[in-house]
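Spelled out from the first residue to the last, the chains are:
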There are 2 protein chains.
Amino acid sequence: MDNRELEIFLTLAELLHFGRASQVCNLSASALTRTIQRLEEQVGQPLFLRDNRTVSLSAAGEQFRIYARQALQEWQQFHTAIKSEQTIAGTLSIYASITAVYSLLPDLLESYRNAYPEVQLELRTGTAEQAVGQVQTGEIDLAVAALPDRNRSQIEFLPITTTPLVFIAPLQPESSIALTIEEQLDLSKTPLVLPQAGLSRRRLDKWLKSKRISPNISSEVSGNEAIIPMVKLGCGVSIVPQLVLERSPFRDEVQILKNAPQLEPYVVGLCSTKRNLQRSSVQAFWQLAEDQSL
Amino acid sequence: MDNRELEIFLTLAELLHFGRASQVCNLSASALTRTIQRLEEQVGQPLFLRDNRTVSLSAAGEQFRIYARQALQEWQQFHTAIKSEQTIAGTLSIYASITAVYSLLPDLLESYRNAYPEVQLELRTGTAEQAVGQVQTGEIDLAVAALPDRNRSQIEFLPITTTPLVFIAPLQPESSIALTIEEQLDLSKTPLVLPQAGLSRRRLDKWLKSKRISPNISSEVSGNEAIIPMVKLGCGVSIVPQLVLERSPFRDEVQILKNAPQLEPYVVGLCSTKRNLQRSSVQAFWQLAEDQSL
DNA sequence: ATACTGTGTTGCGCAAAACACAACATGACT
DNA sequence: AGTCATGTTGTGTTTTGCGCAACACAGTAT
């Protein structure tokens, strides 16, 4: 009971002529005969009354014609409906870490919105830490965040850009920081403003541990965005991803230390699951990011 | 886009597990995978989001599920509707010649009505002459009538019974007829009541011509049923099919002439077209008549 | 670390279904 | 009687669908 068979039936029901109908359907006459025979077997009743001269619809045929018309129409409707939605639509929930919000997201979001204005966007922000978790549980389709250190299972990651972690210091440094500006930074003496947790904290810890340095911590703050004003106030030096610094309103009120340790750079990109990547709205975002990072 | 494929889809959409769904459908896992792939190709979008761990419906899948449910339900409805009508129903229009109405029809109609009470019957009566024409033009499904002399094209005939054409005379014959009752009938002398047209007229004409007799015609009437009262009134002798005589209310008021010429007997039966015989209501009548005539 | 388990997918041979071509059957027309 | 028109049936070929086995992949256990 294929849709095609229904179309064949309808053609014959209209033309009432096996020969012509078979031509219209691009079928041999015998194939048409057998198709109708199959249908009649499935329906359980003759659909056409044949006569070596003429063909006409039986009572069952009339009813089947109504059924077939409706069935085909509904398929058409469904198909066009689905195709019209093919113009990538639906919803897309994005989670962005603060870092990402300041760096990649504006460009990406703008391109996406221009390309696929039909998609209903939902944007949530939070720490990069939570990003992967949210993606994994399915609460969120996609995250724009720094690459987590350990690649978690079932997570697809698309790196878009890297940005170095830079050390920053106040423009008018106090005495304890003064000398560090032109000299090699000595982290055991210079007061440090540290993120409470997060990737950059782990990077720094790792580095400090490898150098066996115990730092002089002046304060701990949560989140990269809070670090910059703290440094500006003179609490100490700190590290932030360069991208974050560039987009900060305080970017001109702190300075980057040149003679500072080189930490592993941030890799910022997209996180999603294989499953979500099968959805067109997600796939489109992914594709777009892939293209832009080229 | 077979109905079976829709069922398979719905099963998987419910279980969300290829392995179990394939078992439920009596299918190998690979066949299920490919069935879904076929469907997805026809729909033009993925229906399921797969992950090596879990399966879930995509947005298109959700919509397709609604479509599939409806399509299947409509097929079910159509099928049960058609099957319930399988108890031979519909309409059956019967044309019966007067002869038939008096002879075969009562029994046949009663049996038919008992066997297939659902069929809406339509009965028209008229001359045997018109019967074949009406069947041929399709105005009537079936005719119960005497076999027409020349078998017309596309007409199926089922003989049911034969009945002789008998000569009848009044019980109290007038002088001119008196002697004929015991003697050999002399048609050139005896006054005749003749049907104006019709099969029995043709039979008689044929016989007379072969014997080169010019008859003594007392009156002409139209229709077999009118002949009997005319004979009873003493207008002359005449011929009627025996079956007609037997069912006539005047059957006891005329007598059958034994020493009369033997005319070719009437063959009474069913007329229809091949085309109409494909309809169950017609076929059933035919079948019934076939059985009864055994 | 390595093997094992659960799950969906792909390669491949085979069997069933569908098809085209030709022959046939039937009835009408000449 | 022969020819035409039309639907059906016989037969060999192509296409489709299926099952089995192997694979791919990710989690989990040893």
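Residues numbered from 1 in each chain as written. Chains lettered and ligands numbered in written order. Predicted model: local features only at pLDDT ≥ 70, side-chain atom pairs only at ≥ 80, totals over all residues. Heavy atoms only, no water.

Peer 1: Can you walk me through the overall build of chain A in this structure?
Peer 2: The secondary structure content of chain A amounts to 13 helices and 12 strands. The C-alpha radius of gyration computed for chain A amounts to 33 Å, which surpasses the reference 19 Å derived for 294 residues by more than 25%, pointing to a less compact arrangement than a globule. Taken over the C-alpha atoms alone, chain A extends approximately 110 × 35 × 30 Å along its principal axes. Burial statistics for chain A: of 294 residues in total, 48% are counted as buried. Contacts spanning at least 24 positions in sequence make up 73% of the contacts within chain A whose residues lie at least 6 apart. Summed over all atoms, the accessible surface of chain A reaches about 14700 Å², with 48% contributed by carbon and sulfur. In chain A, which carries 28 positive and 32 negative side-chain charges, the distance between the mean positions of the two groups comes to 5 Å. (Helix = DSSP H or I, 4+ residues; strand = E, 2+ residues; numbered from the N terminus. Rg over C-alpha atoms; globule rule 2.2 N^0.38 Å. Buried < 20%, exposed > 50% of the residue type's maximum accessible area, 1.4 Å probe, protein only. Contact = heavy atoms within 4.5 Å. Areas by Shrake-Rupley, 256 points an atom, 1.4 Å probe, with all protein chains shown as cover. Lys, Arg positive; Asp, Glu negative; His and termini not counted. Charge placed at Lys NZ, Arg CZ, Asp CG, Glu CD.)

Peer 1: Is there a simple way to explain the protein's contact with DNA strand D in this structure?
Peer 2: Near DNA strand D, the surroundings consist of 23 residues, among which Gln37, Arg50 and Gln154 of chain A together with Ser28 and Ser30 of chain B are the closest. A breakdown of the atoms of DNA strand D within 4 Å of the protein gives sugar and phosphate a share of 73%. Between DNA strand D and Gly19 of chain A there is a distance of 3.1 Å, counted from a phosphate oxygen to a backbone nitrogen or oxygen. Take Ser30 of chain B: an N or O atom from its side chain is 2.9 Å from a base nitrogen of DNA strand D. Elements supplying a minimum of two residues to the surface near DNA strand D: α2 (18-24) and α3 (29-43) of chain A together with α3 (29-43) of chain B. Element by element, the count of residues in the surface near DNA strand D is highest for α3 of chain B, at five residues. (Near = heavy atom within 4 Å. Polar contact = N/O pair within 3.5 Å; in protein donor to acceptor, adjacent residues only side chain to side chain.)

Peer 1: What should I look at first to understand the relation of the copies chain A and chain B in this one?
Peer 2: In summary, the two copies of the chain are related to each other by a rotation about an axis coupled with a shift along it. Mapping chain A onto chain B is achieved by rotating through 179 degrees and translating by 0.1 Å along the same axis, at an RMSD of 0.4 Å. One copy is carried onto the other by what is essentially a two-fold rotation axis. Rotation axis and chain A: the residue whose C-alpha lies nearest the axis is Asp2 of chain A, separated from it by 2.2 Å. A symmetric contact is evident, with 100% of the interface residues of chain A recurring at the interface of chain B. (Least-squares fit on C-alpha atoms with pLDDT ≥ 70 in both.)

Peer 1: Can you help me understand the pattern of salt bridges in this one?
Peer 2: Scanning the entire structure with this criterion turns up 14 salt bridges over all chains. With its nearest N and O atoms 3.1 Å apart, the salt bridge here joins Arg38 of chain A to Glu5 of chain A. Of this pair, Arg38 of chain A sits in helix α3 while Glu5 of chain A is found in helix α1 (residues 3-15), placing the two residues 33 residues apart along the sequence. Arg38 of chain A sits in the partly exposed class, given a relative accessible area of 42%. Since its relative accessible area comes to 10%, Glu5 of chain A is described here as buried. The shortest N-O distance in the salt bridge between Lys232 of chain B and Glu253 of chain B comes to 3.4 Å. Of this pair, Lys232 of chain B sits in helix α10 (residues 224-232) while Glu253 of chain B is found in the loop between α11 (242-246) and β11 (254-256), placing the two residues 21 residues apart along the sequence. On the basis of relative accessibility, which here comes to 33%, the residue Glu253 of chain B falls in the partly exposed class. (Salt bridge = Lys/Arg side-chain N within 4 Å of Asp/Glu carboxyl O.)

Peer 1: Hey, could you run me through the packing of aromatic side chains in this one?
Peer 2: Two aromatic rings, taken as a pair, are described by how far apart their centres are and by the angle between their planes. Tallying each qualifying case throughout the model produces 18 aromatic pairs over all chains. Residues Phe9 of chain A and Phe64 of chain A carry aromatic rings whose centres are separated by 4.8 Å and whose planes lie at 75 degrees to one another, so their mutual orientation is edge-to-face. Of the two residues, Phe9 of chain A is situated in helix α1 and Phe64 of chain A in helix α4 (residues 59-84); the sequence distance between them amounts to 55 residues. The burial state of Phe9 of chain A is the same as that of Phe64 of chain A; both residues are buried. Each ring, one from Tyr67 of chain A and one from Trp75 of chain B, has its centre 5.6 Å from the other, and the planes form 55 degrees; the classification is tilted. Residue Tyr67 of chain A is located in helix α4, and its partner Trp75 of chain B is located in helix α4 (residues 59-84); the two belong to separate chains. (Phe/Tyr/Trp six-rings, centres within 6.5 Å; stacked < 30°, edge-to-face > 60°.)

Peer 1: Can you help me understand the interface of chain A and chain B in this one?
Peer 2: Many structure descriptions define interface size as the accessible area lost when the parts assemble. The interface of chain A with chain B comprises 32 residues on the first partner and 32 residues on the second. The junction of chain A with chain B conceals about 3100 Å² of combined surface from both sides, 47% of it contributed by carbon and sulfur atoms. Among the residues of chain A in contact with chain B, Tyr67, Phe78 and Arg275 of chain A are the three that bury the most area, contributing 21% of the side total. At the boundary of chain A with chain B, the tally comes to zero salt bridges. Sorting elements by how many residues they give to the side of chain A that touches chain B places α4 of chain A first, with 11 residues. Residue classes in the side of chain A that touches chain B are distributed as 13 nonpolar, 12 polar and seven charged. (Buried area = accessible area lost by both parts, 1.4 Å probe. Nonpolar A, V, L, I, M, F, W, Y, C, P; charged D, E, K, R; others polar.)

Peer 1: What am I meant to see in the protein's contact with DNA strand C here?
Peer 2: In the vicinity of DNA strand C there are 23 residues, among which Ser28 of chain A together with Gln37, Arg50, Gln154 and Lys274 of chain B approach most closely. Across the atoms of DNA strand C situated within 4 Å of the protein, the share located in sugar and phosphate is 68%. With respect to DNA strand C, the side chain of Ser30 of chain A contributes an N or O atom lying 2.8 Å from a base nitrogen. In the environment of DNA strand C, a sugar or linking oxygen lies 3.2 Å from a nitrogen or oxygen atom belonging to the side chain of Asn52 of chain A. Put simply, the parts of the chain that give the surface near DNA strand C at least two residues each are α3 of chain A together with α2 (18-24) and α3 of chain B. With five residues, the top contributor of residues to the surface near DNA strand C is α3 of chain A. Of the residues in the surface near DNA strand C, the class split is four nonpolar, 12 polar and seven charged.

Peer 1: Would you mind showing me how to read helix α9 (residues 199-211) of chain B here?
Peer 2: For an α-helix the count is 3.6 residues per turn, leaving residues at separations of three or four pointing the same way. Residues and elements named next belong to chain B. With 13 residues, α9 should cover 18 Å at 1.5 Å per step; its first-to-last C-alpha distance of 19 Å lies within 8% of that length. Where α9 is concerned, the buried positions are Leu199, Ser200, Arg201, Arg203, Leu204, Trp207 and Leu208. Following α9 by one or two positions, Arg212 has its phi on the positive side, about 55 degrees. (Expected span 1.5 Å × (residues − 1).)

Peer 1: Please clarify how the sheet that holds strand β8 (residues 191-195) of chain B should be interpreted in this entry.
Peer 2: For sheets, the rule is that strands pair by backbone hydrogen bonds, running either parallel or antiparallel. Residues and elements named next belong to chain B. Strand order in the open sheet made by the five strands is β9-β8-β10-β7-β11, with mixed pairing throughout. Bordering the open sheet on either side are β9 (216-221) and β11, each of which pairs with just one other strand. Averaged over neighbouring strand pairs, the angle between their axes works out to 35 degrees when direction is ignored. Relative to strand β10 (residues 237-241), β8 runs parallel, the two being bridged by two bridges. Considered in β10, the bridge of Val193 is made with Ser238. Sheet strands in contact with α9 are β7 (165-170), β8, β9 and β10, and its direction is about 135 degrees off that of β8. Strands β7, β8, β9, β10 and β11 of the sheet are contacted by α10, whose axis makes an angle of about 145 degrees with β10. (Pairing = 2+ DSSP bridges. Axes fitted to C-alpha atoms, helices over the stretch in contact; angles between N-to-C directions.)

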